[in-house]
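Okay, here's what each chain looks like letter by letter:
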Amino acid sequence: MKSTIKFFGCALLAIAAAAGCTKVQNGYLSDQIRYIDNPIRIGRGLIQQTDAVSNDGSSAPVTYKLLDIRDAVTHKHADSLDLKYDHYEWLAKFDAKTDTSIDLLNQKRHLVNSPVYSFDTHTGAFTFYGTSVNSPLGTYEFDVSATNENGSKIYKNIATFTLVDTPAYHIGDGGGAWFKDNANDNGDIGVPLVTIERLSLEGTDVILKIVGSDGKPFNPAAGEIIRRGDRSDFQSYAQFHPLVYTDSTMTCNYETTPFPLQQSTYGYLIYYRIPSQFVQFDAGYTPTTDHIYSANPRFQFNIYQSGTYLVTVKLQHVKHI
């Protein structure tokens, strides 16, 4: 009997010893790592960053690796997203209020040649660049892996993102008025008609043309378009370069979007005056037909995507003499 008890006692001790030797698992790596903002919407041509991945309580640090991106319809690798383009990446935080020269701007950025996105291995977030304007619209699925002290796991079809078209620009409200020379007399001439044409996906230029109701442009290089006192004008928003004038246009190299980067005292409004010797008003819009009334348009627009744009501002009821 004693031998039997001794045998069972030894067996229990052996089991306990074996259990005590079981290797303790290092850390925790969840099966439920996910993108909370899934499905993700990306504005094509915009600089945009997605939210970081949710690690569902996994032991830090966790590193992530992008394994594949596929067309969500064909399930084939998205070769188009591998194509590389030149674009700027930020090296430091940019402050539009203080970084007001091209030299200061260039201290905060550098030119790289890369795909239209980057993937942060520490957060799992994507950053899409303006060069995504070259990528096909559509929905894409992707796989990632996550690694910590526990090991690695693969998350197949963890989320999708959709490239969608968003407006490249916005045209705001404006107005127009005549003012009598050397007097405060004035009247309404209607809101100028503003149209924007994207000439190219390349470059960072806005070409501004102000024309009469007959379509004939006023000449900024010859003083036919002048500032209106202390009001904001096109140059007010040209943060990095002086305007380039021709006999019909003013061109701003805005360098980086959005443009304008910041508002003036007058919001985004652009004010100009066309001196009285260069304009002829339609009958009935000024008290007399004498050439003693200037034309004063105000308008506003915003550019959200890189490219070369032609902005035409057509005055109402005013012709170029």
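Cut-offs applied
- Residues numbered from 1 in each chain as written.
- Predicted model: local features only at pLDDT ≥ 70, side-chain atom pairs only at ≥ 80, totals over all residues.
- Heavy atoms only, no water.
- Pairing = 2+ DSSP bridges.
- Helix = DSSP H or I, 4+ residues; strand = E, 2+ residues; numbered from the N terminus.
- Domains from an automatic or database assignment.
- Contact = heavy atoms within 4.5 Å.
- Buried area = accessible area lost by both parts, 1.4 Å probe.
- Salt bridge = Lys/Arg side-chain N within 4 Å of Asp/Glu carboxyl O.
- Polar contact = N/O pair within 3.5 Å; in protein donor to acceptor, adjacent residues only side chain to side chain.
- Nonpolar A, V, L, I, M, F, W, Y, C, P; charged D, E, K, R; others polar.
- Buried < 20%, exposed > 50% of the residue type's maximum accessible area, 1.4 Å probe, protein only.

- Per an unreviewed UniProt entry, the recorded name for the chain is DUF5007 domain-containing protein, and the organism is Chitinophaga costaii.

**Notes on the sheet that holds strand 17 (residues 270-271)**
Adjacent strands of a sheet form backbone hydrogen bonds with each other and so pair up, either parallel or antiparallel.
And then number 1: Spatially, 12-11-19-17 is the arrangement adopted by the 4 strands of the open sheet, whose pairing is antiparallel. Strands at the two margins of the open sheet, each flanked by one partner only, are strand 12 (186-188) and strand 17.
And then number 2: As defined by bridge partners, strand 11 (residues 175-180) adjoins strand 19 (residues 293-299) across 6 bridges and the pair is classed as antiparallel. In the strand pairing of strand 19, Trp178 is matched with Ala295.

**Focus: the domain arrangement of the chain**
And then number 1: Considered domain by domain, the chain is made up of domain 1 (26-164) and domain 2 (169-320).
And then number 2: Taking only C-alpha atoms into account, the centre of domain 1 sits 40 Å from that of domain 2.
And then number 3: With 16 residues of domain 1 in contact, the opposing surface of domain 2 contributes 12 residues.
And then number 4: With both chains or domains summed, domain 1 and domain 2 bury close to 1000 Å², and 58% of this area falls on carbon and sulfur atoms.
And then number 5: Across the domain 1-domain 2 interface, the total number found is 1 salt bridge.
And then number 6: Glu255 is paired through a salt bridge with Arg109; the nearest N and O atoms lie 2.7 Å apart.
And then number 7: Where domain 1 meets domain 2, there are 5 residue pairs in polar contact (both at pLDDT 80 or more).
And then number 8: Residue classes in the side of domain 1 that touches domain 2 are distributed as 8 nonpolar, 4 polar and 4 charged.

**Some words on the pairing of strand 8 (residues 138-148)**
And then number 1: Among the 11 residues of strand 8, 8 are classified as buried, and the element is accordingly described as predominantly covered.
And then number 2: With 8 bridges joining them, strand 3 (residues 63-71) and strand 8 adopt antiparallel strand pairing. Across the sheet, residue Lys65 finds its bridge partner in strand 8, namely Ser145.
And then number 3: Alignment of strand 8 against strand 9 (residues 151-165), held across 10 bridges, turns out to be antiparallel. Bridging from a neighbouring strand, Asn148 pairs with Gly151 of strand 9.

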